[in-house]
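# Residue-level structure breakdown
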Amino acid sequence: MMTASDDTAAKPAKRSSIDFKTIGPAVALLILCIIGFLLNPAFVSEGNLTNLLTRSAFIGIIAVGATFVITAGGIDLSVGSMAAAISGVMIIIMNNAVETMGSGVPTVLLGCGLAIVLGIGAGWVNGALTTKGKIEAFIVTLGTMGIYRSLVTYFADGGTLSLNFDIRGTYRPVYYDTFLGLPFPVWVFIAVAICGWLLLNRTAFGRYCTAIGSNEAVARYSAINVDRVKTLTYVIQGLCVSFATIIYVPRLGSASASTGVLWELEAIAAVIIGGTVLKGGYGRIGGTILGALILTTIGNILNFTDVISNYLNGTMQGLIIIVAVFLQRSDWKLGKSK
Amino acid sequence: MSVDTTAPAAVIEAVNISKSFGPVPVLFSVSMDVRPGEVHALIGENGAGKSTLMKILSGFHDPTSGQIRLDGKQTDLPPNGGAEKLGVVLIHQELNLAEQMTVEENVFLGRELKSNGFLDKAAMQATVRKYLDEIGLDISPTDRISDLTIAQKQMVEIVKAVSRNARILIMDEPTAVLTEEETQVFFRQVEKLKESGVGIVFVSHKLNEVKEIADRVTILRDGQWIDTRASSDLTPDMMAQMMVGRELSDLYPPMHEADVDAELVLEVQNLRAPSVNNVSFSLRKGEILGFSGLIGSGRTAVFEAICGLAPIEAGTIRLFGRDTGPTTVAQARDLGLAYLTKDRKEKGLLLDKKMRPNLTLFALPKFVRNFRLDSKAEEDALNRAIRRFDVRARDKEITVGKLSGGNQQKLLLAKIMECDPKIVIIDEPTRGIDVGTKQQIYHFIAALAAEGVSVVVISSEMPEIIGICHRVVVMREGHITGVLTGDHINENEIMRYAAGLKREELH
């Protein structure tokens, strides 16, 4: 409520708390890995680590997009449903294209191209409704979340959409093959992360996102096209969902109403654990990547041990999120010293 | 200096207060006392330590050394507003009201009256109405705060304080955002509070007001106590000199005559926009054009429309001889037109960011090399701006919200100038900043004009309009009522046009 004690804390607390925010998630991940190793040395086997990285790629890629949306002061709840809907449409189109285009690479490329177009389109719809339509992002994306989820159920007629078996053979390497020892999804994750980091930290666009999230009026008075930048953050989010979907579809070769359930919450959780501020104005791509790794690692460790039931995965993730945000509270040091 | 032995005993006394933030001392053994029923003004430049002293007097900061005496007894004031219970209330400049709640709910917030476990609305409303009547404020207890004017909100803060049996009211620049008329209403309320025995600490940069309302004046400079005197012994000029410690005869720079034949850089014809009704005027190269009028007369609205911040409904705008349709803020900037907002905290600066991103935000495209931001160029720009505008910060990495008002204003000016505009519109160039910084800003504006930049100054402070402008446009209710030049630029004339007593037949 009051800002009275701000300048008291200015110098000494600022340095340490910012450092803490930066290394915090890294330290947490390291501790988790040590715990994992102590519980079961097989945790650090090459096979498991590769598996862990591959698994975290989906959430990680989506979370990079979410970092932009949240940094600019928005929120996107529709990403899980969007991924499911895009998977569904991809599968339908590829299955139908088999007759005319065969089951080779062109069909898969058609599917991927379509996924990208759909992701950009869906992101643009979210963005346009929040900016031009002047509806709260929470409401818009809550709405589109329901719409996309029901669409995939409808396409699958309540069941499961399965990819044509021949195409599956062509498409399979995208998830299962490796390049220089790392699975393909991990490379996509790395590429998206680097592009995201450069975009947020090294370009005018990234600066604009931060400025808008920090204070939209100031951004408007500073000659920033607020509506366009905000819409673009949703488009980036949609594009990230497309990438995640493209590497996800060959994994199971199917889509159903349960595809991508709760991905939106995991993505937002990864962003927040990574130190991005939920109300906007402060984004960290590096933190987001660590956040995604932390979330996946928890699930992985629970798989490896009998101490805690695997069914408590959600509980552990929930606890980590709450603890992470508690530790990031800027007045944490102050509160302690009083 | 306080020798008046017949005066009533002080309610609150600060004795030899010193305060340091970390290694940085900001107050050096300052003493001040407030008696019941007096208005005690606290004046000084930005950074002189007024805010810190106020916060110590109200318990928001602890003094590093020295003591606070309440009714003659040494007291450790409870922190974070707890001092309200002892009758010491600080009214922040950014008012502390819940905007979506009603007047009555705000006044009783946190100590609601209840009967049988339910809120006793009737009793609370009756009490609030009684207070409102006493203070002479014409609003209803059921009005929402968000529907009130700033002056009314301020009164609600005061009612809230009085209803909590405040004996000492500490007010941080209460008149900074009030019109002259509202200020007079406010002063009448203050007189009533005085009569009821409340002691008031009043911080203001408007020295005429200090002279008018204060009984005693304490002057701080660079954290030092300079003097405490009866205000009847002081003139505003003396106060200003004691604040700055130097002669201020050259507050306004010498006026260079504007070249009346200079090319027209901005011609506005029959502009209509929200709160703007059929406005036409023109601006020449190197001219300083004042826009005067009461708050809400449409001065800001005219330029928000021209700069692409508000929609234009009708009219033509010619920039450098060429018609421009409706522009975006970015297009206006690229054409050489920049608007500096009066609301530096809400619309001007990102308070939670450092100086560098703030400085370059408006002109950011200039700092892009190969799609990337050139952070070295940004750093160079910051160093240049700090020198050129004399921005004083403890440390370049400080967040902008922690700078003093004057330094924030200089940074905002630097931010706007970063795109090298040919026309600058400066809205309230010196709101809430100290005399020394004001002087710097006036000289800067004059220097810009001498370089051939055209400057529009929108201001509610008549002396500055009169002191620096070549020509003055006066607005009232969305219309231009008069354009003054030369000797006609005086308070009397401006006021008559602004109040609608006089009206020019235009064109």
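Keep in mind that what you see is a predicted model, and the values were worked out from it rather than measured.

Attention now moves to the packing of helix α3 (residues 79-101) of chain A against helix α11 (residues 226-252) of chain A. When two helices pack together, their arrangement is captured by the angle between the axes and the distance separating the axes. Residues and elements named next belong to chain A. Two elements in contact, α3 and α11, have axes separated by 9 Å at closest approach and are oriented at 55 degrees. The angle between the axes of α3 and α11 places the two elements in the oblique class. At the point where α3 passes α11, the crossing takes the right-handed sense. Residues Val-79, Met-82, Ala-83, Ile-86, Ser-87, Met-90 and Ile-91 of α3 form the contact with α11, whose participating residues are Gln-237, Gly-238, Val-241, Ser-242, Thr-245, Ile-246 and Val-249. Among the residues making up the contact of α3 with α11, the classes are represented as nine nonpolar, five polar and no charged.

Another point: the interface of chain A and chain B. Counting from both sides, the interface comprises 30 residues of chain A and, opposite them, 38 residues of chain B. Carbon and sulfur atoms supply 57% of the area that chain A and chain B bury against each other, a total of about 3000 Å² over both sides. On the surface where chain A and chain B come into contact, there are one salt bridge. The interface formed by chain A and chain B includes nine residue pairs in polar contact (both at pLDDT 80 or more). Listed by contribution, the elements that provide at least two residues to the side of chain A that touches chain B are α1 (6-39), α9 (204-214) and α10 (216-221) of chain A. Looking at the side of chain A that touches chain B, the element that brings in the most residues is α1 of chain A, giving seven residues. Classifying every residue of the side of chain A that touches chain B gives 13 nonpolar, eight polar and nine charged.

Take helix α8 (residues 299-306) of chain B next. Within α8 of chain B, eight of the eight residues are buried, leaving the element largely enclosed by the surrounding structure. Phi for Gly-308 of chain B, located one or two positions after α8 of chain B, is positive at around 85 degrees.

All names here are of chain B. Pairing is mixed in the open sheet, where six strands are placed in the order β18-β21-β22-β15-β23-β24. Pairing within the sheet leaves two strands with one partner each, and these edge strands are β18 (337-340) and β24 (479-485). Strand-to-strand twist in this sheet, taken as the mean axis angle between neighbours without regard to direction, amounts to 20 degrees. Two elements, strand β15 (residues 288-293) and strand β23 (residues 471-476), share five bridges in a ladder whose sense is parallel. Its bridge partner lying in β23, Phe-291 is registered against Val-473. Contacting β15, β23 and β24, helix α16 (residues 491-498) runs over the sheet at an angle of about 30 degrees to β23.

About the criteria used
- Residues numbered from 1 in each chain as written.
- Chains lettered and ligands numbered in written order.
- Predicted model: local features only at pLDDT ≥ 70, side-chain atom pairs only at ≥ 80, totals over all residues.
- Heavy atoms only, no water.
- Axes fitted to C-alpha atoms, helices over the stretch in contact; angles between N-to-C directions.
- Helix = DSSP H or I, 4+ residues; strand = E, 2+ residues; numbered from the N terminus.
- Parallel < 35°, antiparallel > 145°, perpendicular 65-115°, else oblique.
- Left-handed = near helix turned anticlockwise from the far one by under 90°.
- Contact = heavy atoms within 4.5 Å.
- Nonpolar A, V, L, I, M, F, W, Y, C, P; charged D, E, K, R; others polar.
- Buried area = accessible area lost by both parts, 1.4 Å probe.
- Salt bridge = Lys/Arg side-chain N within 4 Å of Asp/Glu carboxyl O.
- Polar contact = N/O pair within 3.5 Å; in protein donor to acceptor, adjacent residues only side chain to side chain.
- Buried < 20%, exposed > 50% of the residue type's maximum accessible area, 1.4 Å probe, protein only.
- Pairing = 2+ DSSP bridges.

Functional significance is not addressed by these values, which are geometric in nature.
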